[in-house]
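This is what each chain is made of:
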2 protein chains.
Amino acid sequence: MTVKTAAVLDGGAPSAATSDTSRAVRSIPEATVARLATYLRVLAVLPADAVVSSAELAESAGVKPAGLRKDLSFLDSQGTRGVGYSVRALTDSIRRAIGAGRSHRVALAGLGNLGQALAGYAGFAARGLVIAALFDADPAKIGRRIGDLPIHDIADAPAVCRAEGVTIGIIATPEECAQQVADTLVRGGVRSVLDFAPGPLRVPPGVELRRVDLAVELQILAFHETRRASPVPAP
Amino acid sequence: MTVKTAAVLDGGAPSAATSDTSRAVRSIPEATVARLATYLRVLAVLPADAVVSSAELAESAGVKPAGLRKDLSFLDSQGTRGVGYSVRALTDSIRRAIGAGRSHRVALAGLGNLGQALAGYAGFAARGLVIAALFDADPAKIGRRIGDLPIHDIADAPAVCRAEGVTIGIIATPEECAQQVADTLVRGGVRSVLDFAPGPLRVPPGVELRRVDLAVELQILAFHETRRASPVPAP
DNA sequence: CTATGTGAACTCGTTCACAGCT
DNA sequence: AGCTGTGAACGAGTTCACATAG
């Protein structure tokens, strides 16, 4: 088998790159952050007072022991040599490093099937993510409620986001409105955006952008399928 | 701003790694494949008889010209020096390389909100992906139809998948059943799996696995938010 | 003697600069 | 002159081996 670290795609600005509000904090590699989140989930199902070895954790998380230790070396981790890691201590440590400590307020724009799936997604709260506002542009949806949150008109996003202290935005709208929605959210003070809409999206410097493109994911699988069909071009 | 190539997460087997049905085909880097898919989308909105420069395409796709050309260098691409790329020729070339040529049949397991969102997702057909079978374990859902496809009992997956010639499977079930569903699909001949369920998933060697973990994506944004809060530890 | 922590080699991917067509 | 194609430098991330602490 071949486990690949999922995908991606950048869709944002040309290069500008590293700029950011805070200066280049010499810190945890993004790839490591992703894995730390996974370790956190694995740790969650273990008794708080217990000790695990890197081998055990790695096994559960699907990575290699050495890699796991490398990841943990980025935090002020405190494993005990010859023994292992205290589940409680390690959990706290990762939480602190990753920001699962403080809670972040997120806005969700676009309440089609995908948006509703996201709205209903558990595991948000567990990770310190609080969905604080819902937006859509469809008059038929505006005003209705999902759970105990009302769906606001996307046009009101700037005001609502500020009022709710939202810093993270999720875009689950059709491709056409994605850019406009992003602009609106950013105007509301959103500094990190997770975009599910296909197509390029541009955000101002200082705003963090991540994309998940379903079509691209599938396309990559298709690629591997195709490759299977033609073992080797011609040696 | 900081555009990051999206995420990920492995969750699969420990290492086994590179093994695969076909021998290591010296071929296109995965990162490049992801971008090629994007270029394809950009190209789709251009007149077939037209010529674009790497600069123009790169601008639209959100990458740098040099990088784009590097990507294109992996295929038998034929740009004309001093001029640019023929939209038609380039499109065909990418299609062929990526496998958007032949059509792949995919099975979708789990028809909750996310599953339905996926089932309704356009852009599949456009990319040569055909949803050929739907599965769920909920008796209330089995037998109903979405579009013109009936929802089958996941237990029938092996038979149905083989009958339908399915090679790609999408798992949109709750975490608890993910592993079992994966096993079932694989038994039905599925060779590539896209997993949306959190938690680790193990597939046999030779089966390609990709994961999209919403919680992890969000967690990464939260991380950047947190980092923003503390500019620099203490110089 | 066990399991952690990490420097150093290595692999993969990105960036750049420029040579080569047209 | 203009834009493609790519070798070579660079950087990020992964793997490994081993020194180190309990």
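For chain A, an unreviewed UniProt entry supplies the name Redox-sensing transcriptional repressor Rex and the organism Nakamurella endophytica. Under the Sequence similarities (unreviewed entry) heading, UniProt states for chain A: "Belongs to the transcriptional regulatory Rex family." What the UniProt record of chain A gives under Function (unreviewed entry) is the line "Modulates transcription in response to changes in cellular NADH/NAD(+) redox state."

### So, the protein's contact with DNA strand D
Every one of the 24 residues lining DNA strand D counts as a neighbour, but Arg35 and Arg81 of chain A together with Ser54, Arg69 and Tyr85 of chain B are closest to it. Measuring from a base oxygen of DNA strand D, one finds a side-chain N or O atom of Arg69 of chain B at 2.8 Å. The side chain of Lys70 of chain B places a nitrogen or oxygen atom 3.5 Å from a base nitrogen of DNA strand D. Contributions of two or more residues to the surface near DNA strand D are made by helix H1 (30-44) and helix H3 (65-72) of chain A together with helix H3 (65-72) of chain B. It is H3 of chain A that provides the largest number of residues to the surface near DNA strand D, a total of three residues. Looking at the surface near DNA strand D, its residues break down into six nonpolar, ten polar and eight charged.

### Regarding the protein's contact with DNA strand C
The environment of DNA strand C is made up of 21 residues, and the closest members are Ser54, Arg69, Gly82 and Tyr85 of chain A together with Arg35 of chain B. When the atoms of DNA strand C within 4 Å of the protein are sorted by group, sugar and phosphate make up 61%. In the environment of DNA strand C, a phosphate oxygen lies 2.5 Å from a nitrogen or oxygen atom belonging to the backbone of Ser54 of chain A. Arg69 of chain A places a polar side-chain atom, nitrogen or oxygen, 2.8 Å from a base nitrogen of DNA strand C. Elements with a contribution of two residues or more to the surface near DNA strand C: H3, strand E3 (79-80) and strand E4 (84-86) of chain A together with helix H1 (30-44) and H3 of chain B. Among the elements that take part in the surface near DNA strand C, H3 of chain B stands out by supplying three residues, more than any other.

What counts and what doesn't
- Throughout, residues of each chain are indexed from 1 in the direction in which the sequence is written.
- Each chain is given a letter, starting from A, and each ligand a number, starting from 1, according to the order in which they appear as written.
- Local features in this predicted model are restricted to residues of pLDDT 70 or higher, and side-chain atom pairs are both shown and tallied only at a pLDDT of 80 or more, whereas totals for entire chains, interfaces and linings draw on every residue.
- Note that the side-chain values use all heavy atoms of the structure and ignore hydrogens as well as water.
- UniProt positions are given in the numbering used here, feature names are shortened, and annotations may be inferred rather than shown by experiment.
- Summary of the distance rule: residues count as near a molecule or strand when at least one heavy atom falls within 4 Å of that molecule or strand.
- Here a polar contact is recorded for every N or O atom pair within 3.5 Å, except that within protein the pair must consist of a potential hydrogen donor and a potential acceptor, and residues adjacent in sequence are included only if both atoms are side-chain atoms.
- By definition, any uninterrupted DSSP run of H or I lasting at least four residues is a helix, any uninterrupted run of E lasting at least two residues is a strand, and each is numbered from the N terminus.
- Each residue gets one of three labels, nonpolar for Ala, Val, Leu, Ile, Met, Phe, Trp, Tyr, Cys and Pro, charged for Asp, Glu, Lys and Arg, and polar for the others, Gly among them.

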